[in-house]
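Results of the structural survey
Letter by letter, the chains look like this.
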Amino acid sequence: MPSFSQDLSGCQPFSRRSFLRSASAAVVAAPILTEAHFARAAMGAAAVPEFSMNGVYLDANENPLGPSDSARKAIADIIPNGGRYAPPLYFSLIKMFAEQMGVPAEYVMVYDGSSPPLHYSSLAFTSPTKSFVCGNPTYEAGQRAATIAGAKIHAVPLAKDHSHDVAAMIKADPNAGLIYICNPNNPTGTTTSKEQIDYAIANKPAGAVVLVDEAYIHLSDATSAIDHVKVGKDVIVLRTFSKIYGMAGIRCGFAIARPDLLKKLENYGQSPMPITGMIAAQASLMDSDLVPTRKKLIAETRNKTFAWLKANDYSFIPSESNCFMIDVKRPGPQIRALMAKDNVHIGRSWAALPTYVRVTVGLPSEMEAFQTSFKKAMDTPATAFNGLQGRMHRDGIYS
Ligand code: PLP
């Protein structure tokens, strides 16, 4: 079981100096948005008050397995200490994660999920003169924050194989501030090869930072970009415990980067960490079976669903992640709205792929409910779709 460790060597967060610097930093009023915000927004205002977990929710790339058994036990065991801030736990978690990543502890910062460092990186490295470059479609939270920073957004279409078109991305703007690569990508679940990421880092405009969002990496065979952090490149890697570790509601995530890059994020805030999130993350990191077991389990459910889609002649983008996109050959929100009537909630659509819907891989029983409802919606005569038009939102979301 993880425990409170007093060994603070190499850990810099929460120093008096950094605390004071945070307190005096310019305040940028902007909400930190998560997948849950986007999923709820796509439901439409009318659906929000009725929201409950009594249904099949395949709309926010959550992990229905929840925290692992060891993480659950760690959470239960620490509840009596819930009246404490427990800074030793904060430092021991950073130390454990840094050791596993093979980087010094000062290269790691822990947050309540990876949304805060994604948001802060966008604010720190983009501006009206430093643009934000990303794939299209991709996860939209970084673009939102960069827009708030007044940055121009260069959303570069994905390549034919749905990997990031890295060559086009690095050419998009010589004044790029942040180049965002989501690997595997949300929403397509597709990966970008290590060679392509190496190329981006080697050839990016001088002064640009490459942000590699590895929220879903454990679910795939993609190779991490952490080696670039180790050798001091202008690279930030993000990790979260919301996906394979099943802790989206418990909260824990990391930024891994050179200390001078991490310091720039500090200006925008530092999460007060819930001790439940910290202890559950430690327990998860100590469980060496967790990642391979869950990766296999989720892949089995995903591949079974793909076999069913193929057998029924539905076209989809093969994914290595816990989400995938299906071409429904009509505005995606129409199918989404029809399925919601069965209490089966699938994900949103993106303007770049307006006839596609994103579906999260749920439990096998949930995917059975998905199949029944999806087929019913797809077999529905066109007249039933009257009034089920989607709305185009900013950032290319279509829901
Ligand atoms: N990055 C990507 C690509 C995501 O899809 C998500 C959430 O779905 C996040 C980051 C942020 O997740 P969290 O704040 O829960 O760690």
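Residues numbered from 1 in each chain as written. Predicted model: local features only at pLDDT ≥ 70, side-chain atom pairs only at ≥ 80, totals over all residues. Heavy atoms only, no water.

Along the chain, the regular secondary structure elements total 14 helices and 14 strands. Within the chain, the fraction of its 399 residues that count as buried is 56%. Looking at the chain alone, contacts between residues at least 24 apart form 75% of all its contacts between residues at least 6 apart. For the chain, the computed accessible surface area is about 16,300 Å², with 56% contributed by carbon and sulfur atoms. (Helix = DSSP H or I, 4+ residues; strand = E, 2+ residues; numbered from the N terminus. Buried < 20%, exposed > 50% of the residue type's maximum accessible area, 1.4 Å probe, protein only. Contact = heavy atoms within 4.5 Å. Areas by Shrake-Rupley, 256 points an atom, 1.4 Å probe, with all protein chains shown as cover.)

This next bit is on the packing of helix α4 (residues 87-101) against helix α11 (residues 275-285). Where α4 meets α11, the axes come as close as 10 Å, and the angle between the chain directions of the two elements is 30°. It follows from the interaxial angle that α4 and α11 lie roughly parallel. As for how α4 packs across α11, the hand of that crossing is left-handed. On α11, the residues that touch Leu 89, Tyr 90, Ser 92, Leu 93, Met 96, Phe 97 and Gln 100 of α4 are Ile 275, Met 278, Ile 279, Ala 281, Gln 282 and Leu 285. Here the residues of the contact of α4 with α11 are counted per class, giving ten nonpolar, three polar and no charged. (Axes fitted to C-alpha atoms, helices over the stretch in contact; angles between N-to-C directions. Parallel < 35°, antiparallel > 145°, perpendicular 65-115°, else oblique. Left-handed = near helix turned anticlockwise from the far one by under 90°. Nonpolar A, V, L, I, M, F, W, Y, C, P; charged D, E, K, R; others polar.)

Read from one edge to the other, the open sheet built from seven strands follows the order β2-β8-β7-β6-β5-β3-β4, with strand pairing classed as mixed. Looking at the sheet topology across the chains shown, the edges are occupied by β2 (108-111) and β4 (153-157). Looking at each pair of strands side by side, their axes are set apart by 20° on average, direction ignored. As paired elements, strand β6 (residues 209-213) and strand β7 (residues 235-240) share four bridges and run parallel to each other. Bridge pairing in β7 links Val 212 to Val 237. The strands touched by α4 are β2, β7 and β8 (253-256); relative to β2, the strand with the most contacts, the crossing angle is about 125°. Against the sheet, helix α5 (residues 115-125) touches β2, β3 (131-136), β5 (176-182), β6, β7 and β8, its axis set at about 155° to β5. (Pairing = 2+ DSSP bridges.)

Okay, the sheet that holds strand β9 (residues 315-317) next. Strands sit in the order β9-β10-β13 across an open sheet of three strands; the sheet is antiparallel. The sheet is open, and its two edges are formed by β9 and β13 (356-360), each paired on a single side. Strand-to-strand, the axes of this sheet are offset by a mean angle of 30°, without reference to chain direction. With three bridges connecting them, β9 and strand β10 (residues 323-327) associate as antiparallel partners. Residue Ser 315 lies in a different strand from β10, and its bridge partner there is Asp 327.

It is worth spelling out the nonpolar core at this point. Ile 326, Phe 370 and Phe 374 are the most contacted members of the largest nonpolar core, which has 106 residues in total. Broken down by element, this core gets its largest block of residues, nine residues, from α4. When residues of this core are assigned to domains, at least three fall in each of domain 1 (35-61 + 290-395) and domain 2 (67-286). With sequence-adjacent residues up to four places away left out, Phe 370 is seen in contact with Leu 58, Thr 305, Trp 308, Ile 326, Met 339, Val 344, Ile 346 and Val 359. Within the second largest apolar cluster, five residues are counted, among which are Met 325, Trp 350, Leu 353 and Tyr 356. (Core = buried A, V, L, I, M, F, W, Y, C linked by side-chain atoms within 4.5 Å. Domains from an automatic or database assignment.)

It is worth spelling out the pairing of β2 at this point. Of the two faces of β2, the one carrying Val 108 and Val 110 and the one carrying Met 109 and Tyr 111 are both buried. For β2 and β8, the ladder comprises four bridges, and the chain directions are antiparallel. What sits directly across from Tyr 111, in β8, is Gly 253.

Buried residues dominate β6, accounting for five of its five residues. Here β6 shows two buried faces, one formed by Val 209, Leu 211 and Asp 213 and the other by Val 210 and Val 212. The pairing of β5 with β6 spans five bridges and is parallel. From the neighbouring strand, Tyr 180 faces β6, where its bridge partner is Leu 211. Taking the sense of rotation as the criterion, the β-α-β connection linking β5, helix α8 (residues 194-203) and β6 turns out right-handed. (Right-handed = clockwise from strand over helix to strand, strands pointing away.)

With that out of the way, let us pick up the site of the ligand. The local shell around the ligand holds 15 residues, among which Ser 115, Asp 213, Tyr 216, Thr 240 and Ser 242 are the closest. A distance of 2.7 Å separates an oxygen atom of the ligand from a polar atom in the side chain of Arg 251. In the complex, 98% of the free accessible area of the ligand, which totals 390 Å², lies under the protein chains. (Near = heavy atom within 4 Å. Polar contact = N/O pair within 3.5 Å; in protein donor to acceptor, adjacent residues only side chain to side chain.)

The subject of this paragraph is helix α10 (residues 259-266). Taken together, the buried positions of α10 are occupied by Leu 261, Leu 262, Leu 265 and Glu 266. Summarising the axial view, the buried residues of α10 lie within an arc of 155°, below the 170-degree limit, and thus occupy one face. (Arc of directions from axis to C-beta.)

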